[in-house]
Amino acid sequence: MHAPRARGESATKHYFFVTEDNFNKLKIENAFIECALVHNYQYGTLREYINERLGQGINVICDIDVQGFKLIQEAGVDHVSVFIIPPSIKELEKRLIKRGLDSENVIGTRLKNAKEELKYAEEFDYRVLNDSFEHAYEEIENIIIGSKLPKNNDKINLKILRDMLS
């Protein structure tokens, strides 16, 4: 990733931080399984890193945006996708402000991007409402371990999604 580190982030634990020149070189070399410009920063997932883990029988969880999701789909990579929906744009804004990591301009960009990305949520295999950390975590855990989500879950999330988009 070519972006400044947020408070508490460390190299190789949260991301692999590289210079812009190195990132662009890796792009030219097709080293990324997906890469995108997100919130004015370049992010990518190294193909070699993913292939090594998968070769060891390790499932990989990627935190990517809609652009990355579409690239992974186009690449034909076997995957399960989860779109995490904020309870509302207002709540997302409050959470971003409370985090204290971004300027007003960056928060504005992130909110604008979130509204645009919500349009693609229905393309994902699962949608999880992040109304509380515990609830969202439990739903994602159920997806990961293969349990079924409550039958009405997707209908509720899709209604919230539609309300947020209108």
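The structure this text deals with has already been given above.
Residues numbered from 1 in each chain as written. Predicted model: local features only at pLDDT ≥ 70, side-chain atom pairs only at ≥ 80, totals over all residues. Heavy atoms only, no water.

### With respect to the pairing of strand β1 (residues 32-38)
Where burial is concerned, most of β1 is hidden: five out of the seven residues are buried. Connecting β1 to the next strand, strand β2 (residues 41-46), in antiparallel fashion are two residues, including H39 with a positive phi near 55°. (Buried < 20%, exposed > 50% of the residue type's maximum accessible area, 1.4 Å probe, protein only. Helix = DSSP H or I, 4+ residues; strand = E, 2+ residues; numbered from the N terminus. Pairing = 2+ DSSP bridges.)

### Things to note about unusual backbone geometry
Positive phi outside glycine occurs at N30, with the angle close to 55°. Tracing the backbone through its elements, the reader meets N30 in the loop between α1 (20-28) and β1. Look at N30 and you get exposed, because its relative accessible area is 52%.

### Brief notes about helix α5 (residues 104-117)
Here α5 spans 20 Å end to end across 14 residues, near enough to the 20 Å set by a 1.5 Å rise per residue. All buried positions along α5 are accounted for by I107, L111 and A114. Seen along its axis, α5 keeps its buried residues to an arc of 60°; they face one direction. Those residues of α5 that are exposed and angled more than 90 degrees off the buried face are N105 and K112. For α5, the secondary structure elements touched by its buried residues are α4 (89-99). (Expected span 1.5 Å × (residues − 1). Arc of directions from axis to C-beta. Contact = heavy atoms within 4.5 Å.)

### Things to note about the packing of aromatic side chains
All chains considered together, the criterion is met by four aromatic pairs. Between the aromatic rings of F69 and F124, the centroid separation amounts to 3.8 Å while the plane-to-plane angle is 20°, which identifies the pairing as stacked. Of this pair, F69 sits in helix α3 (residues 66-74) while F124 sits in the loop between α5 and β4 (126-129), and the two are 55 residues apart along the sequence. Given the relative accessible area of 4%, F69 is considered buried. (Phe/Tyr/Trp six-rings, centres within 6.5 Å; stacked < 30°, edge-to-face > 60°.)

### Structural notes on the environment of E74
For E74, the location among the structural elements is in helix α3. Sequence-wise, E74 and E34 are 40 residues apart; in three dimensions their C-alpha atoms are separated by 9.8 Å.

### As for a nonpolar patch on the surface
A surface patch of nonpolar side chains, amounting to about 360 Å² of accessible area, comprises I61, I144 and I145. Residue placement: I61 occurs in the loop between α2 (47-55) and α3. (Patch = residues over 30% accessible without salt bridge, like charges linked within 9 Å, V, L, I, M, F, W, Y side chains within 5 Å. Areas by Shrake-Rupley, 256 points an atom, 1.4 Å probe, with all protein chains shown as cover. Salt bridge = Lys/Arg side-chain N within 4 Å of Asp/Glu carboxyl O.)

### Digging into the environment of T109
Within the secondary structure layout, T109 lies in helix α5. Each C-alpha atom of the pair T109 and H39 lies 6.2 Å from the other, and the pair is 70 residues apart in sequence. If sequence neighbours within four positions are ignored, T109 has contacts with H39 and N40.

### A look at the packing of α4 against α5
The angle between the axes and the distance between the axes are what describe a pair of packed helices. Across the interface, α4 lies against α5 with an axial gap of 10 Å and an inter-helix angle of 150°. Between α4 and α5 lies a crossing of right-handed hand. Packed against α4, whose contacting residues are I89, L92, E93, L96, I97 and R99, the element α5 presents I107, R110, L111, A114 and K115 at the interface. Grouping the constituent residues of the contact of α4 with α5 by class yields seven nonpolar, no polar and four charged. (Axes fitted to C-alpha atoms, helices over the stretch in contact; angles between N-to-C directions. Left-handed = near helix turned anticlockwise from the far one by under 90°. Nonpolar A, V, L, I, M, F, W, Y, C, P; charged D, E, K, R; others polar.)

### Some points on the pattern of salt bridges
Opposite charge on two side chains lets them pair, provided their charged atoms get close. This model, assessed by the stated rule, comprises seven salt bridges. In the salt-bridge network here, residues are joined through shared partners; they are E91, K94 and R95.

### Details of the nonpolar core
Among the nonpolar cores identified, the biggest contains 14 residues, and F83, I85, L92, L96, L111, L118 and F124 are the most heavily contacted of them. Within the residue set of this core, elements represented by two or more residues are α3, β3 (82-85), α4 and α5. (Core = buried A, V, L, I, M, F, W, Y, C linked by side-chain atoms within 4.5 Å.)

### Focus on the side chain of S81
Along the chain, S81 turns up in the loop between α3 and β3. Of the polar contacts made by the side chain of S81, one reaches the backbone nitrogen of D125; its length is 2.8 Å. With residues near it in sequence (within four places) discarded, S81 still touches F69, F124, D125 and Y126. (Polar contact = N/O pair within 3.5 Å; in protein donor to acceptor, adjacent residues only side chain to side chain.)

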